[in-house]
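# A look at the structure
Okay, here's what each chain looks like letter by letter:
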Amino acid sequence: MRIAEISSSPSPSTQHQQDSQLLLSQIESSIKQLEHFSSTLNNTNTNTNTISSNLRQSLTQLSQLGPFSSEFNLHLWKLSYRLWNSCVDLSNLNSKLRSSSSSSAAAALSLDLAKLRHIAADILSLAGNVSGVPSPSIKSASFYYKTGLIWHDLRRFDLASSCFEKATDLLSNSNAAAAAISADDATKLLLDVNLARSRTAWELSDRNLAVALLSRSKTLLLCSDHYGSLANQYLAFGKSLLSKKNETESLSEALKLMKEALDLCEKVGDGNLRELRWKTLRFISAVHLQKEEYESVIKCVRVLRQSEEEKNQHPSLPVMAVKAWLGLRRFGEAEKELRGMVVNTGIPEGVWLSAVEAYFDAAGGSAGAETAKGLFLGLMGRCHVSAGAAVRVAHRVVGDGVEGEGSKVRAKVVAELVSDDRVVALFAGEAVAKERMAMHAVLWNCAADFFRSKDYGTSAEMFEKSMLYIPYDIESKILRAKGFRVLCLCHLGLSQLDRALEYINEAEKLEPNIACAFLKFKIYLQKNDHDGAISQIQAMTTCLDFTTDFVSLSAHEAVACRALPVAVAALSNLLNFYTPGKSMPTTEIVVLRTLVTILTQQPGNELEVVKFIKRAHNRASELGSDLFFGKGEIGRRERNWFAVTSWNLGTRTGKEGNYELCAEFFRLASGIYCVPVDGQVEENNVMVCKSLILTVSSMIASEKQRKAALSESEVNEAVKLLDKAGKILKSISTGTRLNDDQITTLEPDLFFIYTFSAYDIKGRLNDLASQQLLVKSFASSKACNSKHLLQIGLTASQAPQSNHEVATFALNECLSSLLSSPSPDFENVALILRKLIAVASIHKGDTDDDAVYGMYKQAYQIMVGLKEGEYPTEEGKWLAMTAWNRAALPVRLGQIEMAKKWMNIGMELAKRIPGMETYKACMEDFVDCFQKKCNVQNNGENRPQLVE
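Residues numbered from 1 in each chain as written. Predicted model: local features only at pLDDT ≥ 70, side-chain atom pairs only at ≥ 80, totals over all residues. Heavy atoms only, no water.

### Focus: the overall build of the chain
Helix and strand counts for the chain stand at 46 helices and 0 strands. Looking at the chain as a whole, 46% of its 948 residues qualify as buried. Sequence-distant contacts in the chain: of pairs separated by 6 or more residues, those separated by 24 or more amount to 66%. Carbon and sulfur atoms make up 50% of the accessible area of the chain, which amounts to about 46700 Å² in all. (Helix = DSSP H or I, 4+ residues; strand = E, 2+ residues; numbered from the N terminus. Buried < 20%, exposed > 50% of the residue type's maximum accessible area, 1.4 Å probe, protein only. Contact = heavy atoms within 4.5 Å. Areas by Shrake-Rupley, 256 points an atom, 1.4 Å probe, with all protein chains shown as cover.)

### Quick notes on the packing of aromatic side chains
In the structure shown here, the tally under the stated rule is 23 aromatic pairs. Each ring, one from tyrosine 145 and one from phenylalanine 164, has its centre 6.3 Å from the other, and the planes form 45°; the classification is tilted. Residue tyrosine 145 is located in helix H6 (residues 136-153), and its partner phenylalanine 164 is located in helix H7 (residues 157-173); the two are separated by 19 residues in the primary sequence. Residue tyrosine 145 shares its accessibility class with phenylalanine 164, and that shared class is buried. Here the aromatic rings of tryptophan 202 and phenylalanine 237 are separated by 4.2 Å at their centres, their planes lie at 5°, and the arrangement is stacked. (Phe/Tyr/Trp six-rings, centres within 6.5 Å; stacked < 30°, edge-to-face > 60°.)

### Describing unusual backbone geometry
Even without a glycine there, the phi angle at glutamate 292 is positive, about 60°. Following the sequence through the fold, glutamate 292 ends up in the loop between helix H12 (274-290) and helix H13 (294-305).

### With respect to the pattern of salt bridges
Applying the stated criterion across every chain, the model contains 35 salt bridges. Put simply, lysine 408 and aspartate 455 hold a salt bridge, and the shortest N to O gap is 4.0 Å. Highlighted residues: lysine 408 in helix H19 (residues 407-418) and aspartate 455 in the loop between helix H21 (433-452) and helix H22 (456-466), separated in sequence by 47 residues. Exposure remark for lysine 408: the relative accessible area of 48% places this residue in the partly exposed category. Among the ionic contacts, a cluster of salt bridges with common partners joins Glu588, Arg615, Arg619 and Glu622. (Salt bridge = Lys/Arg side-chain N within 4 Å of Asp/Glu carboxyl O.)

### Let's talk about the packing of helix H30 (residues 606-623) against helix H33 (residues 659-673)
One can describe the packing of H30 onto H33 by two numbers: an axis separation of 10 Å at closest approach and a directional angle of 20°. With respect to their mutual orientation, H30 and H33 come out roughly parallel. In the packing of H30 onto H33, the handedness of the crossing is left-handed. Between H30 and H33, the contacting residues are Glu606, Leu607, Val609, Val610, Ile613, Lys614 and His617 on the first element and Leu661, Glu664, Phe665, Leu668, Gly671 and Ile672 on the second. When grouped by side-chain class, the residues that make up the contact of H30 with H33 number 8 nonpolar, 2 polar and 3 charged. (Axes fitted to C-alpha atoms, helices over the stretch in contact; angles between N-to-C directions. Parallel < 35°, antiparallel > 145°, perpendicular 65-115°, else oblique. Left-handed = near helix turned anticlockwise from the far one by under 90°. Nonpolar A, V, L, I, M, F, W, Y, C, P; charged D, E, K, R; others polar.)

### A few points about the nonpolar core
Ranked by internal contacts, the top residues of the largest apolar core, which has 152 residues, are Leu83, Leu116, Phe427 and Met439. Once residues within four sequence positions are removed from consideration, phenylalanine 427 is found in contact with Ala387, Ala390, Val391, Val432, Glu435, Arg436, Met439 and Tyr469. Residues Tyr673, Tyr759, Ile761 and Ala899 belong to the second largest nonpolar core, which totals 133 residues. (Core = buried A, V, L, I, M, F, W, Y, C linked by side-chain atoms within 4.5 Å.)

### Thoughts on the layout of surface pockets
Taken as a whole, the largest pocket holds about 340 Å³ of empty space. Lining the largest pocket are 20 residues, with Tyr578, Thr587, Glu588, Leu623 and Leu627 sitting closest to its centre. Put simply, the parts of the chain that give the lining of the largest pocket at least two residues each are helix H29 (588-599), H30, helix H31 (625-628) and helix H32 (632-655). For the lining of the largest pocket, the per-class residue count stands at 10 nonpolar, 5 polar and 5 charged. (1 Å grid on protein atoms, 1.4 Å probe; cavity = no way out; pocket = protein on both sides within 12 Å on 5 of 7 lines; lining within 4 Å. Points joined across faces, edges and corners; volume = space filled by probe spheres on them.)

### Brief notes about the side chain of threonine 458
Topologically, threonine 458 is positioned in helix H22. If we skip the residues at most four places from it in the chain, threonine 458 touches Lys408, Ala411 and Phe450.

### Section: helix H26 (residues 530-540)
Taken residue by residue, H26 has Gly532, Ala533, Gln536, Ile537 and Met540 as its buried positions. Take H26 and look down its axis: the buried residues cluster within an arc of 150°, on one side only. (Arc of directions from axis to C-beta.)

### Some points on the packing of H26 against helix H28 (residues 564-575)
Close contact between H26 and H28 brings their axes to 9 Å; oriented N to C, the two are set at 15°. In this view, H26 runs roughly parallel relative to H28, as classed from their interaxial angle. In this structure, the crossing between H26 and H28 has a hand that is right-handed. Along the contact surface, H26 presents His530, Ala533, Ile534, Ile537 and Gln538, while H28 presents Pro565, Val566, Ala569, Ala570 and Asn573.

### Some details on the confidence of the model for the chain
Of the residues in the chain, 87% reach a pLDDT of 70 or more, and the chain-wide mean stands at 82. Counting interchain partners and residues more than four positions distant, the pLDDT-below-50 stretch residues 736-746 has 18 contacts. Low pLDDT (under 50) marks residues 937-948, which in the prediction has 21 contacts with non-local residues, meaning those over four places away or in another chain. (pLDDT = per-residue confidence, 0-100.)

### Concerning the environment of arginine 912
By secondary structure assignment, the location of arginine 912 is in the loop between helix H45 (896-911) and helix H46 (917-935). Between the C-alpha atom of arginine 912 and that of lysine 877, which follows or precedes it by 35 residues, the distance is 9.4 Å. Side chain to side chain, arginine 912 and tyrosine 860 meet in a polar contact 3.4 Å long. (Polar contact = N/O pair within 3.5 Å; in protein donor to acceptor, adjacent residues only side chain to side chain.)

### Details of H13
Helix length check: H13 (12 residues) gives 17 Å between terminal C-alpha atoms against 16 Å at 1.5 Å per residue, within 8%. Restricting attention to buried positions, one finds in H13 the residues Tyr294, Val297, Ile298, Cys300, Val301 and Leu304. Each buried residue of H13 lies within a common arc of 165° when the element is viewed along its axis, so the set occupies one face. Those residues of H13 that are buried lie in contact with H12 and helix H14 (316-327). (Expected span 1.5 Å × (residues − 1).)

### Brief notes about the environment of leucine 262
Relative to the assigned elements, leucine 262 resides in helix H11 (residues 248-267). Under the relative-accessibility criterion, leucine 262 is labelled buried at 12%. Once the C-alpha coordinates of leucine 262 and leucine 273 are considered, the two residues, 11 residues apart in sequence, prove to be 9.8 Å apart. Aside from chain neighbours lying at most four places away, what touches leucine 262 is Arg277, Thr280, Leu281 and Ile284.

### Describing the side chain of serine 466
In this fold, serine 466 is placed in helix H22. By relative accessible area, serine 466 is classed as buried at 0%.

As structure tokens, then:
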């Protein structure tokens, strides 16, 4: 660099001055902008924020360039005051416009103004001591003090603490004696800064510093006002700790602080702090009360009451006295305090109520409740008591529940209290509508609690008292109706049915609805008035707010009361409301199942049961089984329940001899078993088949019972049912799941009943060939036995279903079966032989005598080898006598050989039968005589007569 250039460059001091002036100009420019905005308040939030940022930046740079000249510092001093005054103007404008602007904008502006005040205080501090300005340090401290208060109000305690610390430093380093202001003013400012700094430290939870600052302030007290300020701060800290009721340590600290306040008050001789002293003493008493130091409370109260001024008899004193006496369990002293409060017109209502509540909480029981009631009514006698006070007392005496022995007594006391005419009069008029509803709610909730605990008597009493607080106007009509309904419920619970009916009739007059109809239904139900209950079910359906839920509920109530006719009526009525797509309280299948279950519990309802089971079958066909019964396992269970029920009822009615109903039940069982669920019906083929067969069998039995022949349509129906059963039998026997052996083992009589019924029906159609094929097919099956064949044979041998070919076949097969047995039943063998002889005699006797003779010959062969008496004697005699008598006609006709044949078989049979010796001798004599005569030419002599 050249020497000329060096000489032309500014010196460092000159550059320092230029930079300082530039920054000072920037600060002044920003302050001018702020002064301009303070007059318009346009876009203030944005502008003040920008200005504060600019000022803080300029001030930071300027603080690095000091020290400055006296003139420069004076300029800074003036700029600081201009900035402070602008902040004051903006703050005043902000408070005026706060209501019209948003709270967030006002809060932002307040924050910016606090920043600007802080900058003003920093500028004043930077200026330092300025010649010609009195006490600059104290004024700077004042700026910091005021700014700290603003930061404290904005709850920016860290910034507030910083300001108060700077103010403290400035005041501590200032020479007040040399200042133009008095030392007292400086001391007062330092006291204020200490107190403010203490409050901020307390908010920052630095209790030790806060208390230390208060202790330090004791040396700055110059007058009673100073003592009062410091005492108030001690008291404020104590009150703050007093609010923390559950911390014993906090209560002890609060008591210590309040005693400090009390000491300060007592150090002032004049009466300026007397009121503060009494106030502090009252709070000390409150602390003792929270610490349960009841004796100390009593001492404090006595000191306060001994004061000469009447105004010091604060309303809180008797309350604390009552609570202290209660804490000492001296209820008599507490009651005296309460009664003294009643005659003291200066005690506010709220204070008195607080004391009553405390007394009741401690004394409790009937004594406490009676005292509370008496005191309240006594209070009404000396002054006007508000409705709110009555609500408060009632609520406290009633309590929050019905537990404990005294709850009923308390409820009785409240009932007496709220029914007093003077108390009721408090709630008259629209002005106390809110309190009236509150009292109603208190009584209603109490009654509801007793109702839930099943104390219906107390509940009814409380509900009745709550009705006193419902006005008689149109708007309250619904509420009154509700009250009558709950009273009806209470008396239902007490089985006072007539009173319950009175209340529900009153409710119905005010608000006729489904609830009233249902409650009347319950009353009739409990009176066992079934007709009245059923009529109420019909009345429910006419209500505007009717829902099917109430019919369902009525059915449940009737079942619970064992009023089965009413339950049936309710469920039957409910069935009328089932339509596709309509939401119902329960499914239709459940209703039908319940109906059938109820009806089957008592005999004589079979026709009704048939009707509802038939409805279930029809609805399943209409809606589809999956929609009606349900899907999957649920659907199968529902279907099978109805099918099994029909089967069981068919079985029962069959055993009872009611074959017409029996046939109907079995017909329904077969139909329901055939309903597919998830497309499956095969699993019920056996039951379907059995139901079909038993249906036809019951129809035939019913015909005999009624002594009226089946109609043509019934016969045709029976044919269809049997055809269907036959197909199922065939499919079962030829299917893969069960072979013929297995199915006949499972159902040994199934094929027989089918065969027997089919034989009967085919006989009505004169289909003799089918009858024969049917019986032969049955005889060849393993389900057949001798008893079945005997029954078929006997039936076929008799009119009107006679078929000699079937009879002969069945009886012969039966005879063969019996004779093949190791121990034949000769009673049945004899019966079969007699029937075979009778059939052969009728149908073959004239044309085929050998067939009849063969029957006798077979009987003889059967008797050969039997023990005496093993073959039925009477049947043997019958065989021998009828065989001998059959020779009579050939003898008359001269048919010698035929006559000999019958006489010989008769004699042979007689030889095998015990007890026929006389007959046998006569027979032998006649045969000898007949033989001789046969050798002589017949000359017209009389032919021999056979013995009958």
